[in-house]
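Reading the structure
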Amino acid sequence: MVDQSSPVAAPRRAVRAAHAFVAAHGKPSRAVVEPLGRAGARVVLVGADGALGDVIVPDMAAGTAVCDAVADLEAAEWDRDTTAAVTIGAAHRRRMAGPRARR
């Protein structure tokens, strides 16, 4: 039996956010789609300059559709090249550490 269902449409808001990220952080950028359980999926964006961003979408298929809809956004995995492309600065490290680290 052939699946004749229509392809999943990428959420417009997520596509706009991903376009803006690529424009701000360089081409090509990478995207890793990660499941979040019932909450949907997270599209982690890694810019050419090493910046991190993310977009939350309803499911993994929508995340893949966002990657397909944005030019200069490459679908990626958390492999050696992708993790090496991430640049985490001191301000980001402090923010990730939480309020106890700011004392």
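Presented here is a report on the structure given in the accompanying data block. (Residues numbered from 1 in each chain as written. Predicted model: local features only at pLDDT ≥ 70, side-chain atom pairs only at ≥ 80, totals over all residues. Heavy atoms only, no water.)

**Quick notes on helix 4 (residues 90–97)**
Burial analysis of helix 4 places just zero of its eight residues in the buried class, a small minority of the element. Two residues or fewer after helix 4 comes glycine 98, characterised by a positive phi angle close to 90 degrees. (Buried < 20%, exposed > 50% of the residue type's maximum accessible area, 1.4 Å probe, protein only. Helix = DSSP H or I, 4+ residues; strand = E, 2+ residues; numbered from the N terminus.)

**Digging into the nonpolar core**
Among the nonpolar cores identified, the biggest contains 18 residues, and Val43, Leu45, Val57, Val66, Val70 and Leu73 are the most heavily contacted of them. Of all the secondary structure elements, the ones that give two or more residues to this core are helix 1 (12–25), strand 1 (29–35), strand 2 (41–46), strand 3 (52–57) and helix 2 (60–69). Residue contributions to this core peak at five residues, all from helix 1. Ignoring sequence-local partners within four residues, the contact set of valine 43 consists of Ala31, Val32, Val33, Gly53, Asp54, Val55, Val57 and Gly63. (Core = buried A, V, L, I, M, F, W, Y, C linked by side-chain atoms within 4.5 Å. Contact = heavy atoms within 4.5 Å.)

**Quick word on the pairing of strand 3**
By the alternation rule, side chains of strand 3 split into Gly53, Val55 and Val57, which are all buried, and Leu52, Asp54 and Ile56, of which none is buried. Across six bridges, the pairing between strand 2 and strand 3 is antiparallel. Note on strand 3: the bridge partner recorded for valine 44 is aspartate 54. Count of turn residues in the strand 2/strand 3 antiparallel hairpin: five residues, of which glycine 50 carries a positive phi of about 95 degrees. (Pairing = 2+ DSSP bridges.)

**Re unusual backbone geometry**
A cis amide bond links lysine 27 with the next residue in sequence, proline 28, at an omega value of -10 degrees. By the element assignment, proline 28 lies in the loop between helix 1 and strand 1. Despite not being glycine, aspartate 72 shows a phi value in the positive range, around 65 degrees. Structurally, the position occupied by aspartate 72 is in the loop between helix 2 and strand 4 (73–75).

**Quick notes on the sheet that holds strand 2**
Pairing between the strands of a sheet is mediated by backbone hydrogen bonds and can be parallel or antiparallel. Strand order in the open sheet formed by four strands is 3-2-1-4, with mixed pairing between adjacent strands. Only two strands of the sheet have a single neighbouring strand rather than two, namely strand 3 and strand 4. Across the sheet, the mean angle separating the axes of adjacent strands is 30 degrees when strand polarity is ignored. Across the sheet, helix 1 touches strand 1, strand 2, strand 3 and strand 4, and the angle it forms with strand 3 is around 170 degrees. Lying over the sheet, helix 2 contacts strand 1, strand 2, strand 3 and strand 4, oriented at roughly 175 degrees with respect to strand 1. (Axes fitted to C-alpha atoms, helices over the stretch in contact; angles between N-to-C directions.)

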